[in-house]
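# A closer look at the structure
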Amino acid sequence: QVQLVESGGGLVQAGGSLRLSCAASGTFFSIRAMGWYRQAPGKQRELVATMTSDGRSNYVDSVKGRFTISGDNAKNTVYLLMNSLKPEDTAVYYCNAEIRPLYGRSDDYWGQGTQVTVSS
């Protein structure tokens, strides 16, 4: 059974920084990609940043230049370093992973979410 465990959320003042971590555990063949989504109150969940297993990354325009996604393949972990945080970054951040099981097709997995609150 695959699990994604997130950590690193919290309360920070505008202009501050936070680093989120997400570790995948369980038995599986490989991780194809990992990333972060967020959902603010009253809004749809949106992609923040993703990274493929070969290191290609993608960001939503609103975080480019401020957020950096990175990964540790040996630890099955993805990180999101968030700098110059703004109040509009306030949301629940969810880790997502596309994981190939030992047998069968790849599937999407989600973490439980971690709250990020940026005060003005």
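Below or above, wherever it landed, is the structure these notes cover. (Residues numbered from 1 in each chain as written. Predicted model: local features only at pLDDT ≥ 70, side-chain atom pairs only at ≥ 80, totals over all residues. Heavy atoms only, no water.)

Secondary structure assignment for the protein chain yields zero helices and eleven strands. Written out in order from the N terminus, the α and β elements of the protein chain read β-β-β-β-β-β-β-β-β-β-β. Against the 2.2 N^0.38 benchmark of 14 Å for 120 residues, the protein chain shows a C-alpha radius of gyration of 14 Å, consistent with a compact globule. Within the protein chain, buried positions represent 38% of all 120 residues. Within the protein chain, contacts between residues at least 6 apart in sequence are counted, and of these 54% link residues at least 24 apart. Computed over 12 positive and 10 negative side-chain charges, the inter-centroid distance for the protein chain is 2 Å. (Helix = DSSP H or I, 4+ residues; strand = E, 2+ residues; numbered from the N terminus. Rg over C-alpha atoms; globule rule 2.2 N^0.38 Å. Buried < 20%, exposed > 50% of the residue type's maximum accessible area, 1.4 Å probe, protein only. Contact = heavy atoms within 4.5 Å. Lys, Arg positive; Asp, Glu negative; His and termini not counted. Charge placed at Lys NZ, Arg CZ, Asp CG, Glu CD.)

In space, the four strands of this open sheet follow the order β1-β3-β8-β7, with antiparallel pairing throughout. Either end of the sheet is taken by a strand with one partner, and the two such strands are β1 (3–7) and β7 (67–72). Ignoring which end each strand starts from, the neighbouring axes of this sheet average 15 degrees apart. Pairing of β1 with strand β3 (residues 18–25), which is carried by five bridges, proceeds in the antiparallel orientation. By the bridge assignment, Q3 is partnered in β3 with S25. (Pairing = 2+ DSSP bridges. Axes fitted to C-alpha atoms, helices over the stretch in contact; angles between N-to-C directions.)

The next thing to look at is the nonpolar core. Grouped together as the largest cluster of nonpolar side chains are 30 residues, with contacts concentrated most on M34, W36, L80, M82 and Y93. For this core, the secondary-structure elements that each account for two or more residues are β3, β4 (30–39), β5 (46–52), β7, β8 (77–82), β9 (91–100) and β11 (114–119). Among the elements that make up this core, the one with the highest residue count is β9 (five residues). Once you skip the residues sitting within four places of it in the chain, M34 turns out to touch L4, C22, A24, T50, M51, I69, N76, T77, V78, C95, N96 and A97. (Core = buried A, V, L, I, M, F, W, Y, C linked by side-chain atoms within 4.5 Å.)

This part is about the state of the cysteines. As enumerated under the stated definition, the model contains one disulfide in all. The partner cysteine of C22 in its disulfide is C95, sulfur to sulfur 2.0 Å. Looking along the S-S bond of the C22-C95 disulfide, the torsion reads about -80 degrees, which is the left-handed sense. Highlighted residues: C22 in strand β3 and C95 in strand β9, separated in sequence by 73 residues. Across the pair, exposure class does not vary: C22 and C95 are buried alike. (Disulfide = S-S within 2.5 Å.)

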